Structures are given as C-alpha cells and as structure tokens.
Amino acid sequence: MFSRRYRTRECQQRVSAIEPLEARWCLASLTFVPNEIQASESDSRSSLYLTDFDGDGDLDVLEKETTHDESRFGWYENKDGKGAFGPKTEVAQIMGDSRVTILGDMDGDHDQDVLATVVDHEESRYGILWYENNDVEATLGPQRIFYESGLVHFTSLDVADIDGDGDSDVLVSTIMGLGNSGGVFWLENVDGKGSFRTSPHAIEENTPDWMWFVRAFDVDADGDPDIVSADNSDVIVWYENTDGKGMFGAKSPIHSGGGSMQSLIAADVDGDGDDDLLLSSRIDLSSTIAWHENTDGTGNFGPPAAIEVTSDFGVSSLIATDLDNDGDVDVLAEFSFGRVAWYENTDGKGDFGPPLEITDDVFGGSVSVGDLDADGDLDFVFGGEDGIIWYEQRLVGDSNDDGIFDSSDLVTVFAGGKYEDGIRRNATFDEGDWNLDGDFDSSDLVLAFQAGHYVATATPVESQIAAAIDGISAHEADAKKSRAFVA
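Residues numbered from 1 in each chain as written. Predicted model: local features only at pLDDT ≥ 70, side-chain atom pairs only at ≥ 80, totals over all residues. Heavy atoms only, no water.

1. Some thoughts on the nonpolar core
Basically, it comes down to this: Residue types Ala, Val, Leu, Ile, Met, Phe, Trp, Tyr and Cys, when buried and joined through side-chain atoms within 4.5 Å, form a set referred to as a nonpolar core. Note on exposure labels: buried denotes an accessible area under 20% of the residue type's maximum, exposed denotes more than 50%, and partly exposed covers the range between, all computed with a 1.4 Å probe on protein chains only. Runs of E in the DSSP output that reach at least two residues are strands. Runs of H or I that reach at least four are helices, and both are numbered from the N terminus. The contact rule is simple, with two residues in contact once any of their heavy atoms fall within 4.5 Å.
Ranked by size, the top nonpolar core spans 18 residues in total, and within it Phe 146, Val 170 and Leu 187 carry the most contacts. Breaking this core down by element, the ones donating at least two residues are β7 (113-120), β8 (125-131), β11 (144-149), β12 (152-160), β13 (169-176) and β14 (181-187). Setting aside residues no more than four positions away along its own chain, Val 170 makes contact with Met 106, Leu 115, Phe 146, Leu 157, Asp 158, Phe 185, Trp 186, Leu 187 and Phe 196.

2. Some details on the environment of Glu 204
Applicable threshold: Two N or O atoms form a polar contact when they lie within 3.5 Å of each other; inside protein one atom must be a possible hydrogen donor and the other a possible acceptor, and for residues adjacent in sequence the pair counts only when both atoms belong to side chains.
Mapped onto the elements of the fold, Glu 204 is located in strand β15 (residues 201-207). Glu 204 gets classed as buried once you look at its relative accessible area, which sits at 18%. Along the primary structure Glu 204 and Ser 173 are separated by 31 residues, whereas in three dimensions their C-alpha atoms are 9.6 Å apart. For Glu 204, the contacting residues outside a window of four places in its chain are Gly 183, Val 184, Tyr 239 and Lys 251. Looking at Glu 204, its side chain comes within polar contact range of the side chain of Lys 251, at 3.2 Å.

3. With respect to the sheet that holds strand β21 (residues 276-283)
Test applied: Strands were regarded as paired on the criterion that DSSP finds at least two bridges between them. Note on method: axes are straight lines fitted to C-alpha atoms, helices fitted across the in-contact stretch only, with angles between N-to-C directions ranging 0 to 180 degrees.
In spatial order, the strands read β20-β21-β22-β23; together these 4 strands make up an open sheet with antiparallel pairing. The open sheet terminates on both sides in strands that have one partner only, identified here as β20 (260-267) and β23 (301-310). For this sheet the average axis-to-axis angle between neighbouring strands, irrespective of direction, equals 20°. Sheet topology note: the β20/β21 ladder contains 7 bridges and is antiparallel. Its bridge partner lying in β21, Ala 267 is registered against Asp 276.

4. Structural notes on the pairing of strand β16 (residues 211-217)
With 5 of 7 residues buried, β16 lies mostly within the body of the structure. The pairing of β16 with strand β17 (residues 226-231) spans 6 bridges and is classified as antiparallel. Residue pairing in the sheet places Val 214 in a bridge with Ser 229 of β17.

5. Looking at the side chain of Thr 321
If you trace the backbone, Thr 321 turns up in strand β24 (residues 315-321). Look at Thr 321 and you get buried, because its relative accessible area is 16%. Once residues lying within four places of it in the same chain are set aside, the contact partners of Thr 321 are Asp 328, Val 329, Asp 330, Val 369 and Leu 378.

6. Description of the pattern of salt bridges
Worth spelling out the cut-off: Salt bridges are counted wherever a side-chain nitrogen of Lys or Arg sits within 4 Å of a carboxyl oxygen of Asp or Glu.
This structure, assessed with the given rule, holds 12 salt bridges. Between Lys 88 and Glu 63 there is a salt bridge whose closest N-O contact spans 3.4 Å. In this pair, Lys 88 sits in strand β5 (residues 85-95) while Glu 63 sits in strand β3 (residues 60-66), placing the two residues 25 residues apart along the sequence. What makes Lys 88 partly exposed here is its relative accessible area of 29%. With a shortest N-O distance of 3.4 Å, Arg 72 and Glu 70 are connected by a salt bridge.

7. Considerations on unusual backbone geometry
Glycine aside, negative phi is the norm for most residues, and most peptide bonds take the trans geometry. For Asp 284, which is not a glycine, the phi torsion comes out positive at approximately 55°. With respect to the helices and strands, Asp 284 occurs in the loop between β21 and β22 (286-294). Judged by its relative accessible area of 68%, Asp 284 falls in the exposed class. The phi dihedral of Glu 420 falls on the positive side, at around 45°, and the residue is not glycine.

8. Regarding helix α1 (residues 407-415)
Here is the rule: When we speak of the arc, we mean the arc of directions from the helix axis to the C-beta atoms.
Taken together, the buried positions of α1 are Asp 409, Leu 410 and Val 413. All buried residues of α1 lie within an arc of 100° about the axis, which places them on one face of the element. Summarising the geometry of α1, the exposed residues directed more than 90 degrees from the buried face are Val 411 and Ala 415. Looking one or two places after α1, you find Gly 417, whose phi comes out positive at around 75°.

9. Digging into the packing of aromatic side chains
The test is simple: Note on aromatic contacts: the rings of Phe and Tyr and the six-membered ring of Trp form a pair at centre separations within 6.5 Å, being stacked when their planes are under 30 degrees apart, edge-to-face when over 60 apart, and tilted otherwise.
Under the definition given, this model contains 16 aromatic pairs. With a centroid separation of 5.5 Å and 50° between ring planes, the pair formed by Tyr 147 and Phe 185 is classed as tilted. One end of the pair, Tyr 147, is in strand β11; the other, Phe 185, is in strand β14, and 38 residues separate them in sequence. As far as the burial class goes, Tyr 147 and Phe 185 line up, both buried. Seen in terms of ring centroids, Phe 414 and Phe 440 are 5.5 Å apart; in terms of plane orientation they differ by 55°. Their pairing is tilted. Residue Phe 414 is found in helix α1, and its partner Phe 440 is found in the loop between α1 and α2 (442-450); the two are separated by 26 residues along the sequence. Among the residues examined, Phe 414 registers a relative accessible area of 37% and is labelled partly exposed. Joined through ring pairs, the aromatic side chains of Phe 405, Phe 414, Tyr 419, Trp 434, Phe 440, Phe 449 and Tyr 454 make up one cluster.

10. Focus on the confidence of the model for the chain
As a reminder, the rule being used: pLDDT expresses, on a scale from 0 to 100, how confident the predictor is about each individual residue.
Of the residues in the chain, 84% have a pLDDT of 70 or more, and the chain-wide mean is 85. Scored below 50 in pLDDT, residues 1-27 shows 88 contacts in the model against residues more than four places distant or in partner chains.

This is the structure we're talking about:
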C-alpha cells in the first residue's frame, strides 16, 4: 500500500559482489512504514505539530483537535526517543472557533510556544492568543490574548524578528469587515517576553481582495526578513524591509495566476543559496503545485515552473525538506482528502519527479515532518481517518534496522518462516514485507535487490540468492512480453 517505485539520481550501478545482477536503475530505495500513535476517536479535525514539548531532547506530537465551537490541545510523549508514544495528555482548551495555529518562541526561552486565532461567533469577537510552553512541566500556561478586533478574520500567522531586536514578532493576514477587503500587518513583541504593542503596524490595509497568506523570509538576501503575501485572487507580492526595523517599501509583484491560492512557502529549491517560492493554487477543479525562481537572489522572480497539475480538489499544505537526505529540497504535499505525496528534486536544481504517494487516507487532517526515532533520517506524522500515524523512513530490505541491507537481513527474514507461506497479509516490514502489501514473497526480494544497495560478501548462499532473483526478474519480464503480444 505504501511502497512506491522511483528512479533516483546517480543510481545506475552494479551491486557489489553479486555478479548475476546486472547494472540497473535503483528502484524504491526507501519506503515509509506506518506506526499507530492513536486510533481514530472522533470525527473532529486534528492538526499536528512536532516539537520537543517536554524538553527532553526528542520530538513529541502536539495535537489540536477542533470542532466548530472549541479546540483542545493535547500531546503524545515520545517516551524512548525512538517513536514509542504514550497516551494523549490534554494541556489546553480554546472556547470558540480556532482556525489557525503555529508554533514560535514568544518569550525568548528557546522552546516552542503555541499561537492561535480564535473567533467568538456569538460576541462577534476575533482575537490572537498564545500559550507559554512550560517544557519542564510539559504543560501550557494560561491563555494570553494579545490582539482583539471586532470585525477582522485572521487567515494566517507567521513568526519572525521583523524589527531586528532579537525577539519574535507576529505577522498577520486578514479578511476585513464583512469579507470585502483584506490587510497585512505585524504585531511588535516589545519586551521579548510576549508582551505586544496594542496597535498593529500596517503593511497594507483595505486591499480589494481577501488576504490568505503572509510569510516572512529574506527575499533580497540583505539579512533581514521581508514579507510575502497572497490574496484569494492568486496574486502574490512582496514588501522589502527597507531598514531592517520593520519599515516596508511598496509591494513588488511575483505571481498572478488567476486562480485561488492554497499554500505558500519559501525554500532554496534550486540550491543556489537564496530562497525561492513554492505555492499551490486551484483553478476550477484542478490544482497546480509550482515554484518561482528567485533569479538573482534579490527578489526578481522568474515565471512559475509547474511541479504537478492534478485533478485533486485542493492542496492543504506544502512542506519543503530534504526527505531522502541527498542534499537538496524535496516537496511533500498534503491534499484535501488525505493523500500525501512526495515530489523528489531529481537534480537538486528544481526538476521534480512524478508524485510518489505515501498515504491514501480518505479523510486527512495534518502532516508534519521530523526525525521521530533519532536515527538521522526524516519521518513524518499524519492525522487522518485512521487516527494519528507516524511513518518511519526505512531502507528497503533493512529488516533489522541497522541502516544496511545485507546477509543478516536475509537470514532474519527467512528464519521467520513467512516467505510464501500461503497466509495472506501476515508479514511485517521486519519480516520481509518490503513492499508493504502484507506478504513476504518474491516481489519483495526483487524490489530490494533491484534497489542496488545490497552489501554483500559474495558467499555461496548469497550468490545463489542473487541468481534466484535474476531468474525471477527474467521470468516476470518474459511474462510481461507475452501479455503484450497477446494484447
């Protein structure tokens, strides 16, 4: 279900000491093995965040479970630092409709606090609040509302040191009044401990369109955070932080696609040392994932380069990260109905491979990336219809999880006795089910050996295994040709 075949850069190689296996493209060199944290308990929507909530040096899972009139925050402790999670502990509750939540260090104590928007529909009150992360006690402090307005819907938040004084300020995009205009502003953290200036610093007010996203990053490489915003008409612009202290210049255009913006992030897609722009937008019933190159590192952007145009209704979020640890930025996309796909940056310069589907949940909630088991590679956590699942990155064939596919793995899986045992779906990844279809059979061996990362000592047994794998491959190829001839 979760295995995906794909071609990787510089992967055409001969498998050492196994002569019967010819040189070939590596296939499916890694996969993601699902591990349950929490079974699905309700129909409410969850947002997930990875953070060291208790300050013990590993990543825990923070969950915001949202219904129309309240949100509850709970966390799951990573008890051993390797992905064994405890039960949920509830730590805070927001009364009202809370749509947007991010993490940021509001009080300068080097842990991640929680920021959230809240709407009280009965009172027509809209606010932004934060909770202090008391990581030693593994709790959230009392609710602190630091900005309120009667007729402003807050659509996105970001955290950055806008005025260069060493603390975290807050960026906000809005829908104003009855939804016929928008704005972008920032809130100043005046003491570095989470006390905010009561009046906002406006960057742009009363725009003719709703403002959906605001992001802070150094567009022009001058050492301070600039601001990028996007509206509901698929228009993206950026504002230069002219003095490094929060004085912003006129807006400069980046993108105008004529659709509806869904997601907006910054990352060095082409590996040239400056931040480019990644986005997803929707026109009618199709969604586009694309990126704009920051051509000179000073904020002059090229035209959009499409990563994929898909018939999926929408893209809930994009994450830019080096998922396969090859030194470049890949893209992880979460779609509105629970599908999570990985797009490999095949050359490190922004040429992306086809989508590699990792999950196919019917109803998705949230995805977050991090090294949950402290083994040096990136895993991810996903909340959907089946509950909260973390997906462990594994090397295909490495059943004993020592980072190498070698004879010890073959001994382990064959000793388990589940190879083609006639019992359907009774094998795990550690028992030889490397393509994650539930069975340990010849297809798993073909997949693992064709990946090209087997480390061998050329013993007679290993040579016989290699010859058997080549025989299986040849048989499957002949069968495919015969079917094609008949067709």
